[in-house]
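Chains, contacts and geometry: an overview
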Amino acid sequence: MRRPDYYSHMGKFRYPFYILIHPVDGFRELKVNDKFSLLFANIVLAFWVLLGVLDWGYVDFDFKVTYRQLKGEVNIFQVLLTTVAIFAVCIVANWCFCTLMDGKGKAKEIWVAGAYAMMPYILCGLIRVCLTHMMVENEAVYLTYLNTIGLLWSTLLMFIAVMSIHDYSGPKAILSIGLTVLGALFMAFLAVLISGLVSQIYSFFATVYYEIQMRL
Amino acid sequence: MKPIGCKKRKKRPLQLAAVLTALVWAVSMWPVTVKADYRYDSFGNAIPSQYAYMVETSYNGLQLGIGAFNAPTDLFVAPDDRIYMVDAGNDRIVILTEELEVERILDSFTLDGQQVSVKGITGIFVHTDGKLYMADKDNGRILVADENGSIEKVITRPESNILTDGSTTNTFLPAKILVDSRDTIYMISENSTQGAYMLSMDGEFLGYYGRNKVLLTWERLYEATLRRFASDEQREIMENFIPIAFSNFDIDRDGFIYTVTGYSEHPEQDEMIKKLNPLGNNIYTDGWMTFGDMPNKNGTFNTVFTDVAVDDYGFVFALDSYSGRIFFYDNMGCQQAIFGGRGNYLGTFTSPAAIDIVKGRVLVLDSAKNNITVFAPTYFGSLVREAFLLFNDGFYLESKTLFEEIVRMDSNYDWAYAGLGRACYEEGDWEMAKYYFERSDVATSWYSEVKEDMRNQKMKENFTAIFFGFIALFIMIAVIGKLCSAALAERHRHAATEDAR
């Protein structure tokens, strides 16, 4: 028997916020009744990039701690690399492993569920960046709390998302998350290897080219 | 060497002239004179700075007309601004006036009518009553002489329960010496890692003073764990956890003793320069204090301080024998300039041994070049001195024009920006204060203070608006919540009836 659909009246842009507070029901519904919006997921990721930029260059001076924050030159490619690129790599790794481990999720569903799960972290992060302009050094601990809350909430959502999307039990979900991290690291390693190789090949051909140019 | 792509041409006089002109220009632009002093910014990067101190002259024995110096070991400026130099190789002590003219030479010291050699003297101190306190390392004793060279007192190793026999760290090898206003003798004995010896005038041992700490690091923890399982023979060859002995010290006008440490692996924590109060506690404990050069790219720390000098205003000059540089700190222990260097030309050293200050000029004794080099503050250096004296005493407004001038000459001076910000803060120009604190990179907590004040003022000014705004917001949220929940309940009921049908 089909479960009664109490959520059908909810718009696709409102549903993710329902998931934040009812993750178990929400993610199950997302999987069973295809209640997801790729557009909304991508907007969330865009906000993540925005958070990366704001956190780098637009935190108020007394909350700048890292060298790159104090230097203040935002590099958008580095921001993309540390947010969306890592996300994409993790999604691909998760999809690869879970396909082998009898996971039920499709790549699109994993992408969307992952993006939804990142929402608390991004929200808290944006609030934190705004608050740095009002709060002072002595109150920094509250902002740390805020960040930690966002991070823990997102972690919990991520765990439930993996469980629901792939129809896993708890331990298996934990195992698959661990494997995902390993897979992502492996992919990063391969990327470094390939980029090194490509640059060497490039420099080889460039040298040959210059040599020929000089001789002619 | 034949340059690539150079084609043969006929020689023409005009071209030759052009080449010669270019050559002359190139030689005149050769960067021999391009050498900048440096400082560290808040990230620990070395940044070029203006010269704070410049070399004035140097004197060797021949220039002074008293024959060449031979391996001098120590230099001391007495309270009456006379300069005492231990010319150990020539077995004499040279006394110079503050203008570096020879006043007297003490070359015969007598003890009970017998001639005493001062070849083994490595440290000298002259007390306010004109008595000379000399650390005779070769003979393991302290000599106290009057100004004519007759030795009044000899202090040898005292008897004490703390100084146990047979331990190598307790041999009495006086290397450096000073006496405070209460006539307590402080003596650094070579090999002693427990700190300086405190001795009374009668040669009684009063205790150790101000030893360095042994810091717990992961490597040491690992070593300590290994030691627990090691046999006695293995323990013999393992490294001991003993504090690093400090190499030299100086006493300031107020009786604080500044010590420097020769070598340490963990420079930031190990207190390379310490300012000790009479209890022997270090009062240079602020976290941002780093002394000496930063570790190089391999992470090795090379600074080896051999001597320290404090002037009447509390400015500290520490001499690094590894790089030949002099590190200049203000009276709060904040690095303000680095000058000097290693080399064979004027203003550099090959084996710097001692440093002291006479009338604002810095004297450095080189025991291999056998000369005394004199540094004098430049216009910029005297600005820095004056500005930070005012600033550290709390005269922020008075120091503002000085800081403006410093910033005009060296726009990288982060502490000067902090000073400017502080002055603006006192004036009530909070926007400018915030700007300067942000520009300085070192005044984060002051920036926060200004921000808090600005926030409080805004809150006070707009209190009614904020208060009623909050109330309005709460009412609005409540109303919207009510409306939404009613609409939701309606839809739920609708959905349920749909489903049932």
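Residues take numbers from 1 onward in each chain, read along the sequence in its written order. Both sets of labels track the order of writing: A upward for chains, 1 upward for ligands. In keeping with the predicted nature of the model, local features appear solely for residues at pLDDT of at least 70, side-chain atom pairs appear and are counted solely at 80 or more, and the whole-chain, interface and lining totals rest on all residues.

The next subject is the overall build of chain A. Counting secondary structure elements, chain A contains nine helices and zero strands. Only DSSP runs of H or I with at least four residues qualify as helices, and only runs of E with at least two residues qualify as strands; both kinds are numbered from the N terminus onward. Of the regular secondary structure in chain A, the N- to C-terminal order runs α-α-α-α-α-α-α-α-α. Its C-alpha radius of gyration of 21 Å places chain A more than 25% over the 17 Å reference for a compact globule of 216 residues. The principal-axis extents of the C-alpha atoms in chain A amount to approximately 80 × 50 × 30 Å. Put simply, a residue is buried when 20 or more other C-beta atoms lie within 10 Å of its own C-beta and exposed when 12 or fewer do; between those, it is partly exposed, and each C-beta is set from the backbone. Counting across all 216 residues of chain A, residues that qualify as buried make up 30%. Here, residues touch in the contact sense if the C-beta positions derived from the backbone fall within 7 Å of one another. Sequence separation of 24 or more characterises 72% of the internal contacts of chain A that already satisfy a separation of 6 or more. Atoms counted for the radius of gyration: C-alpha only. Globule rule: 2.2 Å times residue count to the power 0.38.

Right, let's talk about the environment of Thr73(B) for a bit. All names here are of chain B. Structurally, the position occupied by Thr-73 is in the loop between helix H2 (61-64) and strand S4 (74-77). Residue Thr-73 is classed as buried on the basis of its C-beta count, with 24 C-beta atoms lying within 10 Å. Sequence spacing of Thr-73 and Asp-366 is 293 residues, and the spatial spacing of their C-alpha atoms is 8.4 Å. Every residue in contact with Thr-73, bar those within four places of it in the chain, is listed here: Val-86, Ala-88, Ile-121, Thr-122, Ala-353 and Ser-367.

Our focus in this paragraph is the interface of chain B and chain A. With 14 residues of chain B at the contact, the number on the chain A side is eleven residues. Counting only elements with at least two residues in the side of chain B that touches chain A, the list comes to helix H9 (444-461) and helix H10 (463-500) of chain B. Counting residues per element, the side of chain B that touches chain A draws most heavily on H9(B), at seven residues. For this classification, the nonpolar set comprises Ala, Val, Leu, Ile, Met, Phe, Trp, Tyr, Cys and Pro, the charged set comprises Asp, Glu, Lys and Arg, and every other residue, Gly included, is treated as polar. Split into classes, the residues belonging to the side of chain B that touches chain A amount to three nonpolar, four polar and seven charged.

Each domain of chain B was delimited in the assignment, giving domain 1 (53-377), domain 2 (400-461) and domain 3 (462-495). Placing the centre of domain 2 of chain B and that of domain 3 of chain B at their C-alpha centroids yields a distance of 43 Å. Domain boundaries shown here were taken from an automatic or database domain assignment.

Attention shifts here to the nonpolar core. Counting residues in each nonpolar core, the largest one holds 105 residues, and the members touching the most others are Met134(B), Ile142(B), Met187(B), Val308(B), Phe317(B), Ala318(B) and Phe328(B). Tallying contributions element by element places helix H7 (residues 414-427) of chain B first for this core, with eight residues. Those residues in contact with Phe328(B) that sit more than four places away from it in its chain are Ala52(B), Tyr53(B), Phe315(B), Phe317(B), Gln336(B), Ala337(B) and Ile338(B). Judged by nonpolar contacts, the second largest core, of 31 residues, contains Ile19(A), Ala41(A), Trp111(A) and Met163(A). What makes a nonpolar core is a set of buried Ala, Val, Leu, Ile, Met, Phe, Trp, Tyr and Cys residues, with links drawn between C-beta atoms within 7 Å.

Here we take up the packing of helix H5 (residues 379-392) of chain B against helix H6 (residues 400-409) of chain B. Residue and element names in this part refer to chain B. At a minimum axis separation of 9 Å, H5 and H6 run at an interaxial angle of 145°. In this structure, the crossing between H5 and H6 has a hand that is left-handed. Within the contact between the two elements, H5 uses Phe-380, Leu-383, Val-384, Glu-386 and Ala-387 and H6 uses Leu-402, Phe-403, Glu-405, Ile-406 and Met-409. Across the contact of H5 with H6, the residue classes break down as eight nonpolar, no polar and two charged. Interaxial angle, 0 to 180 degrees, is taken between N-to-C directions of lines fitted to C-alpha atoms, where a helix line uses only the stretch in contact. Helix crossings fall into two classes, left-handed where the near helix is turned counterclockwise from the far one by less than a right angle and right-handed where it is turned clockwise.

All names here are of chain B. Only strands that DSSP links by at least two bridges are regarded as paired with each other. A sheet is described by the order of its strands in space; here four strands give the open sequence S4-S5-S6-S7, paired in antiparallel fashion. The strands lining the two open edges of the sheet, one partner per strand, are S4 and strand S7 (102-106). The sheet shows a mean angle of 20° between the axes of neighbouring strands, direction not considered. Relative to strand S5 (residues 83-87), S4 runs antiparallel, the two sharing four bridges. Looking at the pairing, Asp-74 lines up with Val-86 of S5.

A few words on the sheet that holds strand S17 (residues 205-209) of chain B. Residue and element names in this part refer to chain B. In spatial order, the strands read S14-S15-S16-S17; together these four strands make up an open sheet with antiparallel pairing. Strands with a single pairing partner mark the edges of an open sheet, and in this sheet they are strand S14 (174-179) and S17. Pairs of neighbouring strands in the sheet enclose a mean axial angle of 25°, with direction left out of account.

Moving on, we get to helix H2 (residues 23-32) of chain A. What sets the pattern is the α-helix's 3.6 residues per turn: residues three or four places apart point alike. All names here are of chain A. For H2, the full list of buried residues reads Pro-23, Gly-26, Phe-27, Glu-29, Leu-30 and Lys-31. Buried residues belonging to H2 abut helix H1 (15-21), helix H6 (107-117) and helix H8 (140-166). Asp-34 sits one or two positions beyond H2 and adopts a positive phi of about 55°.

It is worth spelling out the pairing of strand S2 (residues 46-49) of chain B at this point. Residue and element names in this part refer to chain B. The pairing of strand S1 (residues 37-40) with S2 spans four bridges and is classified as antiparallel. Bridge pairing in S2 links Asp-37 to Ser-49. With antiparallel pairing between neighbouring strands as the criterion, S1 and S2 make up a hairpin whose turn holds five residues, including Gly-44 at a positive phi of roughly 85°.

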